[in-house]
Amino acid sequence: MAVRVQSVDKGSVAERLGLSAGAVLLSADGHELNDMLDYQFYTAAADFSLAVSMGGKLRYLAVQKAEYEPLGCSFATYLIDQKHSCANHCMFCFIDQLPPGLRESLYFKDDDERLSFLFGNYITLTNLNRREVDRIKAMHISPINVSVHTTDPALRVRMMANKRAGEVLGYLQEFADAGIALNCQLVLCRGINDGEALRRTLGDLAGLYPAVQSIAAVPSGLTAYRKGLYPLTPYDAASAGAVLDILEEAGDACKRRCGSRLVYPGDEWYLLAGRPIPPAVFYEGYPQLENGVGMWRCFREEFLTALAVARRKTPLVPRRIDLVTGTMAAPLIHELAAAVHRIHRGVSLWVHPIRNDFFGGNVAVAGLVTATDIIAQCRGRLHSRLLGVPENMLRDERDRFLDDITVQQLERALGVRVLILPSGGGGCLRALIAARP
């Protein structure tokens, strides 16, 4: 294998070595270069020999630079090669439940250990071959986020419809023995991998502490687009409460045994069961915040802290803002809007919980709200000309919703100016304060 250079940064080490577009990097100190991880790891040294093919001729270049100084090459894709697609057919896969007609990129399922290390994506391990497992250990790529779901090999094969799903669980022990940190995710399906199966999984994973740093459990998200898929039943208050009892019992045991809870229920369990969200100390630094674990508590604490600071330092001018959110977060946003009203009488905030009709009404998180539903449910009901929209409703470029409607199209449809609100509580409050009336 080898990697082809697309361009060379001006003034870079690569330019000084005489590299140019089209050069093929073969190896560094004898280590093959296949992708971005190989390239970054093996070219980080201060001195090494680089094997290059240029103009059809093999050359060996003696590289001397500062340690970790970038070589200065760019490639056709960020990973150099293509993303690894998922080989599983999980009974709960959300992508399989998307409606037709969305942008093509939303239907791609990645299962790539490099994206786990670089961007925090979760992997199932089924894509890994022996060379990749050995590379993770040799490079000490850590932490890795793993979608485990169950440690029962036969049940994992059934849930993921992949014959390798059970055997690759052995990689967890290999990584633990090599000192690789693991953050584990369990997507629970009612009557499938909860109950006694969940107890087994929690016990097995806790046995890998301290390599296993956290275990997050979230309920499977079910849309109305499940025709031909495995029949799953959504959790209700009673079944969510039963799952919570198991998760909290396991967390309490881990706390007594090793000083860390290790097991963290997703916020949705508490909201479904009608139980209070735990205090901030429960989450021990929020190790899986982006997985919806502790997000409710973290947002509330940050918002109220920022509000207390603003009360002392920032005289607010009168302003009127409508806010949209998902139905799950709506009680929290109502509470925080009321806190603002109590302190700043001139600030008026109206909260609009958006029911997710686009996905069939069973999905309640704000991040999956579409502009289609915002328009349908807010037209004629807004109180201001400014609409606050959480940034997690938009793609990374912050310009387009899941249904491909742009921010500008939403503004025209409702006759408003959109204010994009940061996902953190403090940033959200500061954006509201800074908003032009």
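Residues numbered from 1 in each chain as written. Predicted model: local features only at pLDDT ≥ 70, side-chain atom pairs only at ≥ 80, totals over all residues. Heavy atoms only, no water.

1. Things to note about the pairing of strand β15 (residues 386-390)
It is a general feature of regular strands that their side chains alternate between the two faces of the sheet.
Step number 1: Where burial is concerned, most of β15 is hidden: five out of the five residues are buried.
Step number 2: Alternating positions in β15 separate into two faces, L386, G388 and P390 on one and L387 and V389 on the other, with burial throughout.
Step number 3: Here two bridges tie strand β13 (residues 319-326) to β15, and the two strands are oriented parallel to one another. Directly across from L323, in β15, lies its bridge partner G388.
Step number 4: The parallel pair β15 and strand β16 (residues 417-421) is bridged by helix α13 (residues 407-414), and the resulting crossover is right-handed. (Buried < 20%, exposed > 50% of the residue type's maximum accessible area, 1.4 Å probe, protein only. Helix = DSSP H or I, 4+ residues; strand = E, 2+ residues; numbered from the N terminus. Pairing = 2+ DSSP bridges. Right-handed = clockwise from strand over helix to strand, strands pointing away.)

2. Considering the sheet that holds strand β14 (residues 347-354)
Step number 1: Pairing within the open sheet is parallel, and its four strands lie in the order β14-β13-β15-β16. Across the chains shown, the open sheet's two edge strands, defined by having one partner strand only, are β14 and β16. On average, each strand axis in the sheet is inclined to that of its neighbour by 30°, with strand direction left out of account.
Step number 2: Pairing geometry for β15 and β16, over five bridges, is parallel. By the bridge assignment, V389 is partnered in β16 with I420.
Step number 3: Of the strands in this sheet, β13, β14 and β15 are in contact with helix α12 (residues 371-378), which crosses β14 at around 115°. (Axes fitted to C-alpha atoms, helices over the stretch in contact; angles between N-to-C directions. Contact = heavy atoms within 4.5 Å.)

3. A word on helix α11 (residues 330-343)
Every α-helix winds through 3.6 residues per turn, so residues three or four apart in the chain are directed the same way.
Step number 1: When the terminal C-alpha atoms of α11 are compared, their 20 Å separation across 14 residues agrees well with the 20 Å that a helix rising 1.5 Å per residue should span.
Step number 2: Close packing links the buried residues of α11 with α10 (295-313), β13, β14 and α14 (425-434). (Expected span 1.5 Å × (residues − 1).)

4. Considering the sheet that holds strand β10 (residues 182-188)
Each strand in a sheet pairs with its neighbour through backbone hydrogen bonds, running either in the same direction (parallel) or in the opposite one (antiparallel).
Step number 1: Pairing in this open sheet of five strands is parallel, and the strands run β8-β9-β10-β11-β12 from one edge to the other. Lying at the two open borders of the sheet, with one neighbouring strand each, are β8 (122-123) and β12 (263-265).
Step number 2: Bridge analysis of strand β9 (residues 144-147) against β10 gives four bridges, and the strand direction is parallel. Its bridge partner being in β10, V146 is matched across the sheet by C184.
Step number 3: The strands touched by helix α7 (residues 195-206) within the sheet are β10, β11 (212-219) and β12, with β10 carrying the most contacts at an inclination of about 180°.

5. Considerations on the packing of α10 against α11
Step number 1: The geometry of α10 relative to α11 is characterised by a closest axis approach of 11 Å and an angle of 10° between their N-to-C directions. It follows that α10 is roughly parallel to α11 by the angle criterion. Contacts from W296, F299, R300, F303, L304, L307 and R311 of α10 reach α11 at L332, I333, E335, L336, A339, V340 and I343.
Step number 2: Classifying every residue of the contact of α10 with α11 gives eleven nonpolar, no polar and three charged. (Parallel < 35°, antiparallel > 145°, perpendicular 65-115°, else oblique. Nonpolar A, V, L, I, M, F, W, Y, C, P; charged D, E, K, R; others polar.)

6. A look at the packing of aromatic side chains
Step number 1: Under the criterion given, the structure shown has nine aromatic pairs.
Step number 2: Ring plane angle 90° and centroid distance 5.1 Å describe the contact between F41 and Y42, whose orientation is recorded as edge-to-face.
Step number 3: F41 gets classed as partly exposed once you look at its relative accessible area, which sits at 40%.
Step number 4: For Y42, a relative accessible area of 19% gives the class buried.
Step number 5: Geometrically, the ring pair formed by Y171 and F175 is tilted, given 6.4 Å between the ring centres and 45° between the ring planes. Of this pair, Y171 and F175 both sit in helix α6 (residues 170-177), four residues apart, roughly one helical turn. Of the two residues, Y171 and F175, both sit in the buried class. (Phe/Tyr/Trp six-rings, centres within 6.5 Å; stacked < 30°, edge-to-face > 60°.)

7. Some details on the pattern of salt bridges
Step number 1: Scanning the model with the defined rule gives 21 salt bridges in all.
Step number 2: Between E284 and K255 there is a salt bridge; the shortest N-O distance is 2.7 Å. One end of the pair, E284, is in the loop between α9 (267-273) and α10; the other, K255, is in helix α8 (residues 237-258), and 29 residues separate them in sequence.
Step number 3: With a relative accessible area of 27%, E284 lands in the partly exposed category. (Salt bridge = Lys/Arg side-chain N within 4 Å of Asp/Glu carboxyl O.)

8. Some details on unusual backbone geometry
Step number 1: Looking along the chain, the bond that leaves S142 and enters P143 is cis, with omega of 0°.
Step number 2: Within the secondary structure, P143 sits in the loop between α4 (130-139) and β9.
Step number 3: Geometrically, the link from Y209 to P210 is a cis peptide bond, its omega value of 10° lying close to zero.
Step number 4: By the element assignment, P210 lies in the loop between α7 and β11.
Step number 5: At L262, a position not held by glycine, the phi torsion is positive, near 70°.
Step number 6: Along the polypeptide, L262 turns up in the loop between α8 and β12.

9. Remarks on the environment of D399
Step number 1: As for its position among the elements, D399 is in the loop between β15 and α13.
Step number 2: Taking relative accessible area as the criterion, D399 reaches 24% and is therefore assigned partly exposed.
Step number 3: Put simply, D399 and I420 are 21 residues apart on the chain and 9.7 Å apart in space, counted from C-alpha to C-alpha.
Step number 4: Excluding its chain neighbours within four sequence positions, the residues that come into contact with D399 are L394, I405, T406, V407 and Q408.

10. Observations concerning helix α5 (residues 153-160)
Step number 1: Three or more residues of α5 are buried, namely L155, R156, M159 and M160. Projection of α5 onto a plane perpendicular to its axis shows the buried side chains occupying an angular sector of 115°, all on one side.
Step number 2: In this structure, the buried side of α5 is in contact with β9, β10 and α7.
Step number 3: For α5, the N-terminal capping position is held by D152, with its side-chain oxygen 3.1 Å away from the main-chain nitrogen of A154.
Step number 4: Positive backbone phi, approximately 50°, marks A161, located one or two places after α5. (Arc of directions from axis to C-beta. Polar contact = N/O pair within 3.5 Å; in protein donor to acceptor, adjacent residues only side chain to side chain.)

11. Regarding the pairing of β11
Step number 1: The element β11 is largely enclosed, with a buried count of seven among its eight residues.
Step number 2: Sheet topology note: the β10/β11 ladder contains seven bridges and is parallel. Of the residues in β11, the one forming a bridge with L186 is A217.
Step number 3: With α7 bridging β10 and its parallel neighbour β11, the resulting β-α-β unit is right-handed.

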